[in-house]
Amino acid sequence: MEFTDEQIQRYSRHLILDHVGVEGQEKISEAKVLVIGAGGLGSPVLLYLAAAGVGTIGIVDSDVVDLTNLQRQVIHFTDDVDLPKVTSAEEKINKINPDIRVITHHEFVNSKNIAGIIENYDFIVDGTDNFPVKFLINDACVLAKKPFSHAGILRFDGQIMTVVPGESACYRCVFPEPPPPDLVPTCSQAGVLGALAGIFGTLQASEVLKYIIGIGDLLTNRLLICNALKMSFREVKLKKRAKCPICGENPSITTLIDYDQAICDLKQ
């Protein structure tokens, strides 16, 4: 593809960057990325993907903007309260970069609709805050062979990993089953440091861009964990589990499952 003079200026810092250049920016411009959850994690992911010039960005969210979201969900402003989050996010993306095609899905993902939602995207970002949906995203992506980024935050702690089905450990290789309902509190029950969402959402955006361009080392077979109080990072090595119920040698999960759990706030 040929970039216009305005696009060359807009993406100039990528175009002069080793390992990106014109070829890398072309890959970014042709990519299709789906972000599930336009909240704390999804906000920085969407902002940076739009700024980078990802050609098509899909947003899935069934919620509306609430005043309590604004402490960490930086894509939404005070005037957006009561607007659908997908509408608010689309507006900001268009203001950042009018070249982007935005596809909004104002709905809650479940076992019946997720396969159809993810099928036309190259990469999926999990920006959700409850275990039923995180396991659903993992299973749907593994079955559809869609690479995705997982992240989760709570209080002062966060974690992130990237999954490339068929090549790396999946979420169930690490966490085989969701915890019992109400065992683990949500952000609205336990709180979360707002800036932590920025840290991990930005890391997710970096993983997306690296995957699209085909550079660097992804967080595959690695779980990166951060405690913001100590500002300490540690890495846990992972490997594909032969007995994983979804990506193992003899998978027991061949269809998508909806798990029940009390949900206070879907988006991080």
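Residues numbered from 1 in each chain as written. Predicted model: local features only at pLDDT ≥ 70, side-chain atom pairs only at ≥ 80, totals over all residues. Heavy atoms only, no water.

The next subject is the confidence of the model for the protein chain. One rule of thumb: low pLDDT means the predicted coordinates there are not for detailed reading. Chain-level statistics for the protein chain give a pLDDT mean of 94 and a share of 94% at 70 or above. Note that pLDDT drops below 50 for residues 262-267; the model gives that stretch 27 contacts with residues more than four away or on any other chain. (pLDDT = per-residue confidence, 0-100. Contact = heavy atoms within 4.5 Å.)

A surface patch of nonpolar side chains, amounting to about 280 Å² of accessible area, comprises Phe 156, Leu 193 and Leu 229. You can see Leu 193 is positioned in the loop between α9 (187-190) and α10 (194-213). (Patch = residues over 30% accessible without salt bridge, like charges linked within 9 Å, V, L, I, M, F, W, Y side chains within 5 Å. Areas by Shrake-Rupley, 256 points an atom, 1.4 Å probe, with all protein chains shown as cover. Salt bridge = Lys/Arg side-chain N within 4 Å of Asp/Glu carboxyl O. Helix = DSSP H or I, 4+ residues; strand = E, 2+ residues; numbered from the N terminus.)

Its place among the elements puts Thr 162 in strand β6 (residues 157-163). Judged by relative accessible area, Thr 162 falls into the buried class, the value being 0%. Here Glu 207 takes part through its side chain, which lies 2.6 Å from a polar atom of the side chain of Thr 162. Residues contacting Thr 162, with those up to four places away along its chain left out, are Phe 123, Phe 148, Ser 149, Ser 168, Glu 207, Leu 218, Leu 219, Thr 220 and Asn 221. (Buried < 20%, exposed > 50% of the residue type's maximum accessible area, 1.4 Å probe, protein only. Polar contact = N/O pair within 3.5 Å; in protein donor to acceptor, adjacent residues only side chain to side chain.)

This next bit is on the environment of Leu 47. Secondary-structure assignment places Leu 47 in helix α4 (residues 42-52). The class of Leu 47 is partly exposed, set by a relative accessible area of 22%. Sequence spacing of Leu 47 and Ile 93 is 46 residues, and the spatial spacing of their C-alpha atoms is 6.6 Å. Those residues in contact with Leu 47, other than ones at most four positions away along the chain, are Val 74, Ile 75 and Ile 96.

Moving on, we come to the packing of aromatic side chains. Tallying each qualifying case throughout the model produces five aromatic pairs. With a centroid separation of 6.4 Å and 65° between ring planes, the pair formed by Phe 135 and Tyr 259 is classed as edge-to-face. A residue pair is termed long-range when its members are at least 10 positions apart, and Phe 135 in helix α7 (residues 131-144) and Tyr 259 in the segment after β8 (232-237) qualify at 124 residues. Among the residues examined, Phe 135 registers a relative accessible area of 0% and is labelled buried. Given the relative accessible area of 24%, Tyr 259 is considered partly exposed. Seen from their ring centres, Tyr 171 and Phe 175 are 5.2 Å apart, and the 55° between their planes marks the pair as tilted. In this structure Phe 175 comes out as partly exposed when scored by relative accessible area, which is 28%. (Phe/Tyr/Trp six-rings, centres within 6.5 Å; stacked < 30°, edge-to-face > 60°.)

For the structure shown, the criterion picks out 10 salt bridges. Of the charged contacts, one joins Lys 210 and Glu 207 as a salt bridge, the two residues approaching to 2.7 Å between their closest N and O atoms. Note that Lys 210 and Glu 207 are positioned in helix α10 at a spacing of three residues, about one turn of the helix. Exposure remark for Lys 210: the relative accessible area of 21% places this residue in the partly exposed category.

Relative to each other, α4 and α10 sit at 40°, their axes nearing to 8 Å. By the angle between their directions, the pair α4 and α10 is classed as oblique. For the crossing formed where α4 meets α10, the hand is right-handed. Contact residues: α4 offers Pro 44, Val 45, Tyr 48, Leu 49 and Ala 52, while α10 offers Ala 197, Gly 198, Gly 201, Thr 202, Gln 204, Ala 205, Val 208 and Leu 209. (Axes fitted to C-alpha atoms, helices over the stretch in contact; angles between N-to-C directions. Parallel < 35°, antiparallel > 145°, perpendicular 65-115°, else oblique. Left-handed = near helix turned anticlockwise from the far one by under 90°.)

Here we take up α7. When the terminal C-alpha atoms of α7 are compared, their 20 Å separation across 14 residues agrees well with the 20 Å that a helix rising 1.5 Å per residue should span. Burial in α7 covers these residues: Pro 132, Val 133, Lys 134, Phe 135, Leu 136, Ile 137, Asn 138, Asp 139, Ala 140, Cys 141 and Val 142. On its buried face, α7 is in contact with β1 (32-36), α6 (114-118), β4 (123-126), β5 (148-154) and α8 (171-174). For α7, the side-chain oxygen to backbone nitrogen distance between the N-cap and Val 133 is 3.1 Å, and the N-cap itself is Asn 130. (Expected span 1.5 Å × (residues − 1).)

For Lys 145, which is not a glycine, the phi torsion comes out positive at approximately 60°. One can find Lys 145 in the loop between α7 and β5. Lys 145 gets classed as exposed once you look at its relative accessible area, which sits at 65%. Positive phi, close to 45°, is recorded for Met 231, a residue that is not glycine. If you trace the backbone, Met 231 turns up in the loop between β7 (222-227) and β8.

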